[in-house]
Amino acid sequence: MNIFIMGGTAESIEIIKFIKKNYHDIYLITSTTTEYGANIAKEAESDEVISRPLPKEDILKVLDDYNIDLYIDATHPFAEHVTKTACNIVDERKIPFIRFERESLYIEDIENINLDNVYHVDSFDEAGKLIVNNSIEGNVLHLGGINTAESVLKYVPVDKFYIRVLTVKSSIDKCKELKINKNHIFPMTASKNKDKKISIDENLELYKKVNAKIILTKESGDTGGFREKIEAANKLNIKIIIVDRPKIKELEDKTVISTIEDFDKELNKIIFK
């Protein structure tokens, strides 16, 4: 059986390790957008790794070249375009498909959070507008990744903007392109361990260091350290702007799971169909 995994997340590494440990005669081809993600996938023993973003025509070529039997989308919940493309492809090709999406964590389910300080938006562009339109003053700490920083900087002065980013060349280069002060850039190393997250105390230290009055974050679930970001901000009475997950209508008729146990059940259905 040949399986194609759209990865680059902790969940995709969990899937690779699980398959390699529990199944034989499965050949895994994993796609990631970065060399760093590719190296992690190789260490997890994916048989083959593609380390660049794949447009639709390249994905179709992979499906044909490797005679793919199952397409797994284990990309980030905010990689909306990638998931939509995956859904369109499997509909066209009639290939079995599993969407492995990390579980949501709703802020209302985190105890003792002052919801008066919490704002929900659908995009980082909306987050920037919210800051301007509501005259929310003070330093802004962006925890939503470098690819969304430009949307916020259309509205927030760069001298008030701080960011935590992965220590990869593309992220640092983007910060320079956006003219973000090097003293406003705080590095974060991606972890190979899905359970190793930035702690509440580490977040508190950073929030205090930059005198943050607002944090911007995605609802990235427990895996993405969402709880720790929120609890730290709550302790310091910092305003929290949350970009909620996109609702992808193309997934409505697809198999979507969030645990390795459910993944195992779905994989068995396909293998023994």
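Look a little higher up for the structure.
First things first, this report covers the structure right here in the doc. (Residues numbered from 1 in each chain as written. Predicted model: local features only at pLDDT ≥ 70, side-chain atom pairs only at ≥ 80, totals over all residues. Heavy atoms only, no water.)

1. Side note on the sheet that holds strand 1 (residues 2-6)
Spelled out, the test is: Paired strands are those between which DSSP finds at least two bridges. Each helix corresponds to a stretch of at least 4 residues labelled H or I by DSSP, and each strand to a stretch of at least 2 residues labelled E; elements are numbered beginning at the N terminus. Whether two residues are in contact is decided by their heavy atoms: any pair within 4.5 Å suffices. An axis is simply a line fitted to the C-alpha atoms; with a helix, the fit covers only the stretch in contact. Between two such axes, the angle follows the N-to-C directions and lies from 0 to 180 degrees.
As summarised here, the arrangement of the six strands in space is 3-2-1-4-5-12, forming an open sheet in which the pairing is parallel. In the strand order of this sheet, the two ends are held by strand 3 (48-51) and strand 12 (256-257), each with one partner. Judged from the five bridges that link them, strand 1 and strand 2 (residues 27-32) form a sheet pairing that is parallel. Along strand 2, the bridge assignment pairs I3 with L28. On the sheet, helix 3 (residues 56-65) packs against strand 1, strand 2, strand 3 and strand 4 (70-73) and is oriented at approximately 160 degrees with respect to strand 1.

2. Examining the side chain of E219
Put simply, the rule reads: Polar contact is the term for a pair of N or O atoms within 3.5 Å; when the atoms are in protein, one must be able to donate a hydrogen and the other to accept it, and sequence-neighboring residues count only if both atoms are side-chain atoms.
If you trace the backbone, E219 turns up in the loop between strand 10 (212-218) and helix 9 (226-235). Looking at E219, its side chain comes within polar contact range of the side chain of R245, at 3.0 Å. With residues near it in sequence (within four places) discarded, E219 still touches F78, S104, L105, F226, I242, V243, D244 and R245.

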